[in-house]
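Inside the fold
What follows is the residue order along each chain.
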Amino acid sequence: YKFLESNKKSDRMPKGIQGPPGFPILGNILQMVKNPHLKLSKWAKKYGALYTIRLGFRNALVTSDAKSMKDLFGHPASTKKFQMDTFLLLSKGRYGIFTAEGEAWAEQRQFFIRSLVDFGFGSGKTSLEPLILDEAQYVIEWIEAESKNSSSVCLNEILRIATSNVLWTLVNGKRNNLTDNNISLLTQNVIDGVQQSIKNGFGFFPWIKYIAPELSGYNSYYKACNDLYAFITERFEEHKSQFTPDAPKDIIDAYIQELLNKANDPSSSFYGIEGERHSIASVLELFIASSETTPGVMLWLVLYVCHNQSVQRKLHDEIETVIGTCREPSLLDKPRMPFTDAVIQETFRISPLAAMGIVHELSESIEFQGHTLPKGLLLLPNIYHVHHDEKTWGDPENFRPERFLNPEETEVNKSLTENLVPFQAGKRQCVGETLARDVIFLFIVKLFQTYDVLPDPDNPEPNYEPDVGLGLICKPFKVRMQRKSNN
Ligand code: HEM
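The notes below deal with the structure included here. Numbering of residues starts from 1 in every chain and runs along the sequence as written. Local features in a predicted model are, by the rule used here, given only for residues with pLDDT of at least 70; side-chain atom pairs are given and counted only at 80 or more, and totals for whole chains, interfaces and linings are based on all residues. Hydrogens and waters are ignored; side-chain quantities use all the structure's heavy atoms.

**Examining the sheet that holds strand β11 (residues 478–483)**
- If DSSP finds at least two bridges between two strands, the strands pair. Secondary structure elements are taken from DSSP: a helix is a run of H or I of four residues or more, a strand is a run of E of two residues or more, and numbering for both begins at the N terminus. Pairing within the open sheet is antiparallel, and its three strands lie in the order β3-β11-β8. Edge positions in the sheet fall to β3 (153–154) and β8 (451–455), since each of these pairs with one other strand and no more.
- Bridge analysis of β8 against β11 gives five bridges, and the strand direction is antiparallel. What sits directly across from tyrosine 451, in β11, is arginine 483.
- A contact between two residues is defined here by any heavy atoms of the two lying within 4.5 Å. Axis lines are fitted through C-alpha atoms, for helices just across the contact stretch, and the angle between N-to-C directions can take any value from 0 to 180 degrees. Most of the contacts of helix α19 (residues 433–450) go to β8, to which it runs at about 85°, and overall it touches β8 and β11.

**A few points about the environment of glutamate 238**
- By the secondary structure assignment, glutamate 238 is in helix α10 (residues 218–241).
- For glutamate 238 and isoleucine 252, which are 14 residues apart along the polypeptide, the C-alpha to C-alpha distance reads 10.0 Å.

**Let's talk about the site of the ligand**
- Residues are classed as near a molecule or strand on a simple rule: at least one heavy atom within 4 Å of it. The environment of the ligand is formed by 23 residues, the closest being Lys81, Trp105, Arg109, His360 and Cys430.
- For the purposes of these results, a polar contact is taken to be a pair of N or O atoms within 3.5 Å, where, inside protein, one atom must be able to donate a hydrogen and its partner to accept one; residues adjacent in sequence count only when each atom of the pair is a side-chain atom. Interatomic distance of 2.8 Å between a side-chain N/O atom of lysine 81 and an oxygen atom of the ligand.
- Here an oxygen atom of the ligand and a side-chain polar atom of arginine 109 are 2.8 Å apart.
- Going through the elements one at a time, α5 (102–118), α12 (272–291), α13 (293–306) and α19 are the ones with two or more residues in the shell around the ligand.
- By residue number, the principal contributor to the shell around the ligand is α13, which donates three residues.

**Digging into the pattern of salt bridges**
- Note on definitions: salt bridges are taken to be side-chain nitrogens of Lys or Arg within 4 Å of carboxyl oxygens of Asp or Glu. In this structure the tally under the stated criterion is 31 salt bridges.
- In this structure, the salt-bridge partner of arginine 400 is aspartate 395, at a minimum N-O distance of 3.0 Å.
- Of the residues examined, arginine 400 reaches a relative accessible area of 32% and is grouped as partly exposed.
- One network of salt bridges, in which partners are shared, links Glu346, Arg349, Asp395, Arg400 and Arg403. Think of it in three bands: with a 1.4 Å probe and only protein chains considered, a residue is buried below 20% of the maximum accessible area for its type, exposed above 50%, and partly exposed in between.

**Observations regarding a nonpolar patch on the surface**
- Nonpolar side chains (Val, Leu, Ile, Met, Phe, Trp, Tyr) are joined into patches within 5 Å and like charges within 9 Å, using only residues with over 30% relative accessible area and no salt bridge. Each accessible area value is a Shrake-Rupley result obtained with a 1.4 Å probe; residue values ignore everything except the protein chains displayed when judging cover. A cluster of nonpolar residues, Phe23, Leu30 and Val33, forms a patch on the protein surface that exposes about 300 Å² of accessible area.
- Along the chain, valine 33 falls in the loop between α1 (2–7) and α2 (36–47).
- Classification of valine 33 by relative accessible area gives exposed; the value is 60%.

**What to know about the packing of α10 against α12**
- Direction vectors running N to C along α10 and α12 enclose 120°, while the axes themselves pass 10 Å from each other. Regarding the angle of α10 to α12, the classification is oblique. In terms of crossing hand, the pair formed by α10 and α12 is right-handed. When α10 is examined against α12, the residues Leu228, Tyr229, Ile232, Thr233, Phe236 and Lys240 are found in contact with a partner set consisting of Glu276, Arg277, Ser279, Ile280, Val283, Leu284 and Ile288.
- We call Asp, Glu, Lys and Arg charged. Ala, Val, Leu, Ile, Met, Phe, Trp, Tyr, Cys and Pro are nonpolar, and the rest, Gly among them, are polar. Grouping the constituent residues of the contact of α10 with α12 by class yields eight nonpolar, two polar and three charged. The labels follow the angle: roughly parallel below 35 degrees, roughly antiparallel above 145, roughly perpendicular from 65 to 115, and oblique for the rest. Handedness of a crossing is defined here by the sense of rotation of the near helix relative to the far one, left-handed for an anticlockwise turn of less than a right angle and right-handed for a clockwise turn.

**Observations concerning the coordination of the iron atom of the ligand**
- Inspection of the coordination sphere of the iron atom of the ligand shows a single protein donor, Cys430 (SG), at 2.3 Å.
- Mapping cysteine 430 onto the fold places it in the loop between α18 (414–417) and α19. Excluding water, the donors of a metal are its N, O and S neighbours within 2.8 Å, or within 3.2 Å for Na, K and Ca, and that exclusion means sites may look incomplete.

**Points about the side chain of threonine 86**
- Turning to its location among the elements, threonine 86 is positioned in helix α4 (residues 85–91).
- Beyond its immediate chain neighbours, meaning those up to four positions away, threonine 86 contacts Val194, Ser197, Gly203 and Tyr221.

**As for α19**
- Working rule for helices: expected span equals 1.5 Å times residues minus one. With 18 residues, α19 should reach 26 Å at 1.5 Å per residue; the first-to-last C-alpha distance of 26 Å fits that figure.
- Burial of α19 is extensive: 16 of the 18 residues sit out of reach of the surface.

**Structural notes on the sheet that holds strand β7 (residues 378–381)**
- Pairing is mixed in the open sheet, where four strands are placed in the order β1-β2-β7-β4. With partners counted over all chains shown, the strands left at the sheet margins are β1 (50–55) and β4 (360–361), one partner each.
- Inspection of the sheet shows strand β2 (residues 58–63) paired to β7 by four bridges, in the parallel sense. Paired with leucine 61 across the bridge in β7 is leucine 379.
- Packing against the sheet, α2 makes contact with β1, β2 and β7, and its axis sits at approximately 135° to β1.

**Quick notes on unusual backbone geometry**
- Residue isoleucine 25 is not a glycine yet carries a positive backbone phi of 65°.
- Relative to the helices and strands, isoleucine 25 resides in the loop between α1 and α2.
- Exposure remark for isoleucine 25: the relative accessible area of 46% places this residue in the partly exposed category.
- Of note in the backbone geometry, asparagine 35 takes a positive phi value of approximately 45° without being a glycine.
- Here asparagine 35 shows up in the loop between α1 and α2.
- By relative accessible area, which is 19% here, asparagine 35 ends up buried.

So, in structure tokens, the structure goes:
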């Protein structure tokens, strides 16, 4: 019964759009068990920019070029998400920003964006810069200490902790110690569970949890979600006990203020108990959405640049020319650093963290590129293929930041970056994009301002093979961080 219940929703296939044949009940899922991003890309080459697949009983339209993706995900009927059990469990229902829908989602999303601006963040503003640079400096100190014990270091964990600390300081008002970091650890347990839910299937087939709760990883995921939820709830309670109205010190205070402001407005998603649930879920989702993605991009970048020394030399040259060795990098340096920008864009392109994005669901039938797309159709953004399409990139498998620059290498070619969609597209496009881009820029510039990054002599060959789950995650690797002689 549970099996039928969780998979009962069947929808119509749009007419006139081809796709690979699948199996009964499972559809195309079996063909996508290993490296689904590569399979989706292979199908795009065969069936074109728009094709259909079946995920269990659900039909999905796969979009594999940037324009179709932007047009389709920009349509008002595409705002709804396909809610995997994995995320509903995390947010305890349709709460917060990531999992909420309709007016509640719009209000929660807007509130978070406004809070970021209130706390000094936004285009053209630089007041979060000291916070980000402080965290980058802690990473440098950690590298210095580690390098005394071993010639090569693994940056995976420290970058995760440091980036989650930037957000945590903003949200909770005080930073965590790099070696004693609850929020990062609790978040990591949940992220590991999300990866398991994709690999072991309980995200798509909730009935697996009834058959193999332990083996599938469902039980440990359930516990990890509850632990993180309880931790965030405790921080809300702590803040409430020390709260001064109209003087929010951090984002949790801002949420508490909004709950008070909307205490008599039943039409608001901040009203009453539901309002509390939305607020806690929103904060929790921020950590889940950011803590693997932002450091993940930096790790890929370090790996590629470490194994492409000519790129590293150009990166060093630009940092030295524009910033020098004595002063801290600033976001205001960004427009004068096209090569650094190109290195970051190339990393987003070649190893997109959210390679298959987040699946949405049409809330009503629409006409699209001459086809009628039925209500309930799932929409899958084939981000990996968009970033690896030979027609756009020529040699997609090569790490070549220069592709984004004009022949004089003085400017980034904007018409080419239009083909990048690492944060997806449309009204639900990543709400943390600017924060992520700023953190990546400042961390990376500071790292390469301070160090020559060299391959680990014990493992000199790079491993570009990702750990594939919801995202393409860089497997742990070591590098030799050699302090630059002029630094
Ligand atoms: C390089 C880093 C990041 C990448 C690649 C990334 C990617 C994405 C993608 C692909 C989506 C799905 C958009 C959709 O459903 O249409 C998303 C949504 C989201 N991201 Fe990010 N993200 C990153 C960093 C962050 C950060 C730093 C935060 C928090 C400060 C964040 C918070 C969110 C939230 C809350 C959503 C849900 C938005 C909504 O449903 O309205 N992300 N992100």
